[in-house]
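Residue-level structural notes
Next come the chains, spelled out residue by residue.
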Amino acid sequence: MVNEMIMVIDFGGQYNQLIARRVRECGVYCQIHPYTISVEKIREMAPKGIILTGGPNSVYDEKSPHAGKELFQLGIPILGICYGAQLMAHTLGGKVATAPTSEYGKTLVKLKADGALFRVLPSEAVCWMSHTDYIEDVPVGFKITGSTDVCPVAAMENDAEKLYAFQFHPEVTHSVYGRDMLKSFVYGPCGCRGSWKMDSFVREAIDGIKEKVGDGKALCALSGGVDSSVAAVLMSKAIGKQLTCVFVDHGLLRKNEADEVEAIFGEAGNYDLNFVRVNAQERFYKKLAGVIEPEEKRKIIGEEFIRVFEEEAKKIGAVDFLVQGTIYADVIESGLGQSAVIKSHHNVGGLPDYVDFKEIIEPLRDLFKDEVRKVGLELGLPEHLVFRQPFPGPGLGVRIIGEVNADKVKIVQDADHIFREEVKNWGLEGEINQYFAALTNMKSVGVMGDFRTYDYAIALRAVTTEDFMTAESAKLPWDLIEKVTTRIVNEVDHVNRVLYDCTGKPPGTVEFE
Ligand code: XMP
């Protein structure tokens, strides 16, 4: 399906996914593989180029990951970054040592104009450094193409052998010309032409699905989130009514959400698929009655989801394929290079293992989130769905502190709806990565009109983040918070107080439970 590929070999660096994303942004398909990949396998996969990533180790430590000389003799262009650069130097006879001065952060690098990857760049550029070791001597045949005040070999190359190395990280946006350098590598020595485009992905994916499914039947667990929605639409374009989507309303969705999902995928929607909506609210509330411990709540919701899904799958019967919205980040996180067993569903925490599917289809398995969104737009999914913020599988269950019941769900749905509406009115939708209302389990005294109230406090949560691993509390305009507060207290019964959560992650988490 893809005729040119750059292989990223992972040595455990923190920016490895970023490297793959940058290469794809250049229009070139890219896969990440662990450093344990064999030279034979690399030869078989025939990448157009290889990028060796950074990593936390020292190459002169025997226990660190190493590479044989054969890797560099494959005739495939290689770019080593940070640890990858040191590994190239070390393996080919150069010398790597502890740097007298470590460099961390934005650093001015002098670039030689005759460096094959720097030809169109200025003679100096700010690059992102993060190293305690450095290359002291380059291997025979290499020349130095970049340096800093304290790092004599910030870049080196052996252009005849198509081997290049950067001590800095071109993939990080702080490296001002980093993208140009990566582009020079993939389009120059690697000779890529840039065939990785989302419209061709869609065409080829549809053809591939048609071929695989034949006249069989497929089942998709549709959550209404971006990934499963895009997977469902891609499948429906390929196999139409042979696909059944099961959407479980567990009663913990945002206000109107279930109806919105049904409007898109149900009979009135634009897609030619079988859509089953299961209204399982009461069932979930019953299971959750009296439960306050967060992990127990999560477990109950995840398990009950599976039970409902199983029942529906049985009703449909004789399904050959299970469709999952797994994306590349999930693949990487669940262990590189591992094949598809039924993995923990990325959104609901597990799928039935009794169900005897012939095969799992993961049509988005190779895509990063931003690519999934592009595919969604390409397939005509509405923008509000394609760009929606993340929503946890256990839904409002983890945004209601303490016991969950229908009344509390209604309170948090209404408050959340107001908050989202106002953020949109203020034009801030695109600037905050995630924002929602949660119901604290706290009741306090207030006064409304001439009456004493004793009611719940709603917490507003809004965060900015790159990857949701860390996050900052968003500095929302005070007027916005005030407006939301007034509306919530006036419009939502049983709320007399609104609090704003200023906690970052760490020490907090994004969700409350
Ligand atoms: P935390 O609360 O761990 O959240 O800081 C980080 C991001 O993950 C989302 N989240 C989940 N997503 N299933 C999901 O699909 C879950 O069980 C789940 N729990 C948290 C959360 O909304 C945030 O974007």
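First, a word on what this report is: a plain description of the structure on this page.

1. Considerations on the side chain of Glu 304
Tracing the sequence through the fold places Glu 304 in helix H10 (residues 294–316). Judged by its relative accessible area of 8%, Glu 304 falls in the buried class. Separated by 2.8 Å, the side chains of Glu 304 and Arg 283 make a polar contact. If sequence neighbours within four positions are ignored, Glu 304 has contacts with Arg 283, Phe 284 and Lys 287.

2. Observations concerning the packing of helix H9 (residues 281–288) against H10
Contact geometry for H9 and H10: axes closest at 10 Å, N-to-C directions at 145°. In this structure, the crossing between H9 and H10 has a hand that is right-handed. Contact with H9, carried on its side by Arg 283, Phe 284, Lys 287 and Leu 288, involves Lys 297, Ile 300, Ile 301, Glu 304, Phe 305, Arg 307, Val 308 and Glu 311 of H10 and no other residues of that element.

3. A closer look at empty space enclosed by the protein
All told, the structure shown has one cavity of 30 Å³ or more when counted by the stated rule. Each pocket or cavity is described by its volume, and for the largest cavity that value is around 40 Å³. Lining the largest cavity, in full, are Glu 260, Val 261, Ile 264, His 384, Leu 385 and Arg 388. Listing elements by their share of the lining of the largest cavity, those giving two or more residues are helix H8 (257–265) and helix H13 (383–386). At three residues, the largest contribution of residues to the lining of the largest cavity is made by H8.

4. Considerations on the nonpolar core
Phe 265, Ile 458 and Ile 488 are the most contacted members of the largest nonpolar core, which has 124 residues in total. In terms of residue count, helix H7 (residues 226–239) provides more of this core than any other element does, nine residues in total. In this view, Phe 265 contacts Leu 222, Ser 229, Val 233, Tyr 271, Leu 273, Phe 275, Leu 381 and Leu 385; residues no more than four positions away in its chain are not counted. Membership of the second largest hydrophobic core comes to 41 residues, among which are Val 28, Ile 51, Cys 127 and Tyr 134.

5. Brief notes about unusual backbone geometry
At the junction of Lys 505 and Pro 506, the peptide bond is cis and its omega measures out at -15° in the coordinates. Mapped onto the secondary structure, Pro 506 falls in the segment after strand S18 (495–500). Cis geometry is adopted by the peptide bond preceding Pro 507, which originates at Pro 506 and carries an omega value of 10°. Tracing the backbone through its elements, the reader meets Pro 507 in the segment after S18. One non-glycine residue, Asn 256, lies in positive phi territory at about 65°.

Parameters and conventions
Residues numbered from 1 in each chain as written. Predicted model: local features only at pLDDT ≥ 70, side-chain atom pairs only at ≥ 80, totals over all residues. Heavy atoms only, no water. Helix = DSSP H or I, 4+ residues; strand = E, 2+ residues; numbered from the N terminus. Buried < 20%, exposed > 50% of the residue type's maximum accessible area, 1.4 Å probe, protein only. Polar contact = N/O pair within 3.5 Å; in protein donor to acceptor, adjacent residues only side chain to side chain. Contact = heavy atoms within 4.5 Å. Axes fitted to C-alpha atoms, helices over the stretch in contact; angles between N-to-C directions. Left-handed = near helix turned anticlockwise from the far one by under 90°. 1 Å grid on protein atoms, 1.4 Å probe; cavity = no way out; pocket = protein on both sides within 12 Å on 5 of 7 lines; lining within 4 Å. Points joined across faces, edges and corners; volume = space filled by probe spheres on them. Core = buried A, V, L, I, M, F, W, Y, C linked by side-chain atoms within 4.5 Å.

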